[in-house]
Amino acid sequence: MSRSLSIFGATGSVGEQTLDLVRRNRADWNVVALTANSNVAALADTAREFAAEVAVVADERHLDDLRDALAGSGIEAAAGRSALCEAAARPVDMTVAAIVGCAGLGPVMAAIEQSGTIALANKEALVSAGEVMTAAVDRHGATLLPVDSEHNAIFQCLQGGELADVRSITLTASGGPLRLVEDLSAVTPEQAIAHPNWDMGAKISVDSATMFNKGLELIEAHHLFPVGLDRIRIVVHPQSVIHSMVEYRDGSTLAQLGPSDMRVPIASCLAWPARMDTPMAPLDLPAIGEMSFFAPDEVRFPATRLAREAAQAGGAAPAVLNAANEIAVAAFLDRKIPFSRIALLVEDVLNQGDLPSPPQTLEDVLRVDEDARALAMRMLEPA
Ligand code: NDP
């Protein structure tokens, strides 16, 4: 029997890779909702190909174009933030949350409220909403399956023991494309998004270059696997073969290995708790040859320190860090600030005055996010 599926961020890197797996196993899936921000052509093509029930663009200015592109197909067209949340409230067996940024938080929360199973790629949503989201998951009996390759690796390694028996969790980091670049002030967007191992969207690629990706992942891991922040470590492993590790109190360390291809963790979520075929070649360890490991350099790349401090501070701090980083990355990609200003801006926003009080609701998180964005934008204005 086929299972129902909705994909939020269907036109992005994770969304497309999810659709690739669905295409290979077409009879297993019945697609309900597909969404994009503004890429109407790709969204409409995909919605037609998979005979979706509804297609939604977040940017309302594109609704007429979407209606035109879907004319005669019988597929509903909708637009705007509330339409995204309404689509996420349609009950499905699996929701893939692959919108980039805190913009994906509303749909994730709507899917959680349906007590659904959510394959979560959208790390910024969990970083910003932290306790609000995990409390909602508990309250509604929803299931969060981590798509992020590191968290998916940890999730798989935790099948080998109890959380109470975990001594430490190690998140591996490739170190990004700039690990060995001396002058970070001259880095261009093209250099920053040219990741050595992974083919990803622009924002997460810049996050990998600054190491904010690992910082966000640290906070994500802290919420998904509550073993205590001091037990979650980061190690740079440039080959990206080991995707993360769990060490148990008896001294056993379990690791998950695989190719640098997001279809592996996505497939793990889609088939969970079973397994499914993917087009991956078998892991060829002799061809890989050597694996190396280093401590992160938090002087050149302060992002992981900032994220750890934000996670320790708790409350609104992670949402502020995330919002400031989203603004800084967008400004860098627009060539308005140099690469080296990204972490400085995030630190300045975090250090500006008192932090807002800890968010208790989705609306509180969205307010913190909006205010931190506004503050970051003001700090970017010329004096
Ligand atoms: P992309 O930039 O490739 O795709 C983002 C998707 O979100 C697109 O469908 C885009 O639509 C949509 N989108 C963008 N802005 C908005 C908005 N304001 N409202 C609604 N939808 C929006 O991102 P990735 O696929 O690389 O990343 C998605 C998420 O997954 C991120 O949180 C990232 O950190 C995480 N992730 C990604 C990995 C990867 O390999 N790419 C690995 C692990 C995690 P449109 O096409 O119209 O712009």
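Quick caveat, the model's predicted, so the values are computed rather than measured. In every chain, residue numbers begin from 1 and rise along the written sequence. Where local features are concerned, this predicted model is filtered to residues with pLDDT of at least 70; where side-chain atom pairs are given and counted, the filter is 80 or more; whole-chain, interface and lining totals use all residues. Calculation of side-chain values draws on the structure's entire complement of heavy atoms; hydrogens and water are dropped beforehand.

K.L.:
Account for the site of the ligand, naming residues and giving values.
P.N.:
The nearness test applies per residue and asks whether one of its heavy atoms lies within 4 Å of the molecule or strand. With respect to spatial proximity, 24 residues lie near the ligand, and among them Thr11, Ser13, Ser38, Asn39 and Glu124 are the closest. At 2.7 Å from an oxygen atom of the ligand is found a main-chain nitrogen or oxygen belonging to Ser38. Between the ligand and Asn39, the relevant distance is 2.8 Å, taken from an oxygen atom to a main-chain nitrogen or oxygen of the residue. For the area figures, the Shrake-Rupley method with a 1.4 Å probe applies, and any residue is considered shielded solely by the protein chains shown. Here the ligand has 900 Å² of accessible area as a free molecule, and 86% of this is covered by the chains. N or O atoms within 3.5 Å of each other form a polar contact, as long as, within protein, one can give a hydrogen and the other can take it, and as long as residues adjacent in sequence are counted only when both atoms are side-chain atoms.

K.L.:
Before we move on, can you summarise the nonpolar core with the specific residues and values?
P.N.:
Counting residues in each nonpolar core, the largest one holds 118 residues, and the members touching the most others are Leu34, Leu105, Ile112, Met133, Leu321, Phe339 and Ile342. Secondary structure elements follow DSSP: runs of H or I no shorter than four residues count as helices, runs of E no shorter than two count as strands, and numbering proceeds from the N terminus. Take this core: its biggest share by element is 11 residues, from helix α14 (residues 317-333). Grouping buried Ala, Val, Leu, Ile, Met, Phe, Trp, Tyr and Cys residues that are joined through side-chain atoms within 4.5 Å yields what is termed a nonpolar core. Burial classes follow relative accessibility: with a 1.4 Å probe on protein chains only, a residue under 20% of its type's maximum area counts as buried, one over 50% as exposed, and anything between as partly exposed.

K.L.:
Go over the sheet that holds strand β3 (residues 54-57) with me, naming the residues and quoting the values.
P.N.:
Taken in spatial order, the seven strands make up an open sheet running β4-β3-β2-β1-β5-β6-β7, and their pairing is parallel. Each end of this open sheet is capped by a strand with a single partner; those strands are β4 (76-79) and β7 (143-146). Shown here is a sheet whose adjacent strand axes are inclined to one another by a mean of 20 degrees, direction ignored. We treat two strands as partners when DSSP finds at least two bridges between them. Strand direction decides the pairing type here: strand β1 (residues 3-8) and strand β5 (residues 94-97), joined by four bridges, are parallel. Note that in β5 the partner of Phe8 across the bridge is Ala97. Axis geometry follows a simple rule: fit a line to the C-alpha atoms, using only the stretch in contact for helices, then measure angles between N-to-C directions, giving values from 0 to 180 degrees.

K.L.:
Describe the sheet that holds strand β10 (residues 242-248), with residues and values.
P.N.:
The strand order β9-β8-β10-β11 describes an open sheet built from four strands, whose pairing is mixed. Edge positions in the open sheet fall to β9 (232-236) and β11 (253-257), since each of these has one partner strand only. Neighbouring strand axes in the sheet, compared pairwise and without regard to direction, differ in orientation by 20 degrees on average. Bridge count between β10 and β11: five bridges; the pairing is antiparallel. Pairing of Glu247 across the sheet is with Thr253, part of β11. Most of the contacts of helix α7 (residues 149-157) go to β10, to which it runs at about 35 degrees, and overall it touches β8 (166-173), β10 and β11. When checking whether two residues touch, look at their non-hydrogen atoms; a contact exists if any pair is within 4.5 Å.

K.L.:
Provide a residue-level description of a nonpolar patch on the surface, including the pertinent values.
P.N.:
To count toward a patch, a residue needs a relative accessible area above 30% and no salt bridge. Like charges then connect within 9 Å, nonpolar side chains (Val, Leu, Ile, Met, Phe, Trp, Tyr) within 5 Å. Salt bridges are defined by distance alone: a side-chain nitrogen of Lys or Arg within 4 Å of a carboxyl oxygen of Asp or Glu. Taken together, the side chains of Leu257, Leu283, Leu285, Ile288, Met291 and Phe293 present a nonpolar region at the surface, about 460 Å² in accessible area. When its relative accessible area of 33% is taken as the criterion, Leu257 is described as partly exposed.

K.L.:
Explain unusual backbone geometry residue by residue, including any values.
P.N.:
Comment: phi is negative for the bulk of residues other than glycine, and the bulk of peptide bonds are trans. Note that the residue after Trp272, namely Pro273, is joined by a cis bond; omega there is 5 degrees. Summarising the element assignment, Pro273 is placed in the loop between α11 (263-271) and α12 (285-288). Phi angles above zero are rare outside glycine, and Ser115 is one such case at about 60 degrees. On the accessibility criterion, Ser115 (39% relative accessible area) is partly exposed. In this model, Met211 sits at a positive phi of 80 degrees, which is unusual for a non-glycine residue. Note that Met211 resides in the loop between α9 (202-210) and α10 (212-224).

K.L.:
Talk me through the packing of α7 against α11; I want residue IDs and the actual numbers.
P.N.:
Packing of α7 against α11 leaves a shortest axis separation of 9 Å and a crossing angle of 50 degrees. Between α7 and α11, the angle falls in the class oblique. Note that α7 runs across α11; the crossing there is left-handed. Taking contact as the criterion, the partners of Ser149, Asn152 and Gln156 in α7 are, on α11, Pro265, Ser268 and Cys269. To sort the angles, those under 35 degrees are grouped as roughly parallel, those over 145 as roughly antiparallel, those from 65 to 115 as roughly perpendicular, and the leftovers as oblique. The crossing is said to be left-handed when, going from far helix to near helix, the turn is anticlockwise and less than a right angle, and right-handed when the turn is clockwise.

K.L.:
Which residues make up the layout of surface pockets, and what values do they have?
P.N.:
Size it by volume and the second largest pocket reaches roughly 230 Å³. Residues are said to line a cavity or pocket when one of their atoms sits within 4 Å of a point; the points come from a 1 Å grid over protein atoms alone, cavities being sets where a 1.4 Å probe fits but cannot get out and pockets being open sets with protein on both sides within 12 Å along at least five of seven lines. Lining the second largest pocket are 13 residues, with Gln256, Val264, Arg275, Met276 and Thr278 sitting closest to its centre. Secondary structure elements with two or more residues in the lining of the second largest pocket: β11 and α11. Here the element with the most residues in the lining of the second largest pocket is α11; it accounts for three residues. Gly falls in the polar group here, along with every residue not listed as nonpolar (Ala, Val, Leu, Ile, Met, Phe, Trp, Tyr, Cys, Pro) or charged (Asp, Glu, Lys, Arg). Residue composition of the lining of the second largest pocket, by class: seven nonpolar, five polar and one charged. Grid points are joined across faces, edges and corners, and a volume is the space filled by probe spheres set on the points.

K.L.:
Run through the pattern of salt bridges, naming residues and quoting values.
P.N.:
Throughout the structure, instances matching the rule amount to 23 salt bridges. With its nearest N and O atoms 2.9 Å apart, the salt bridge here joins Arg263 to Asp20. You can see Arg263 sitting in helix α11 and its partner Asp20 sitting in helix α1 (residues 13-24), a full 243 residues away along the chain. Ionic pairing is found between Arg373 and Asp369, a salt bridge with its closest N-O pair at 2.8 Å. Highlighted residues: Arg373 and Asp369, both in helix α16 (residues 362-380), separated by four residues, approximately one helical turn. Its relative accessible area of 8% is what places Asp369 among the buried residues. Via salt bridges that share partners, Lys123, Asp148, Glu150, Lys214 and Glu217 belong to a single interconnected network.

K.L.:
Give a detailed account of the pairing of strand β2 (residues 29-36), specifying residues and quantitative values.
P.N.:
Where burial is concerned, most of β2 is hidden: seven out of the eight residues are buried. Here β2 pairs with β3 via four bridges, running parallel. Directly across from Thr35, in β3, lies its bridge partner Val56. If the strands point away from the viewer and the path from the first strand over the helix to the second runs clockwise, then the crossover is right-handed. Handedness of the crossover joining β2 and β3 through helix α2 (residues 40-49): right-handed.

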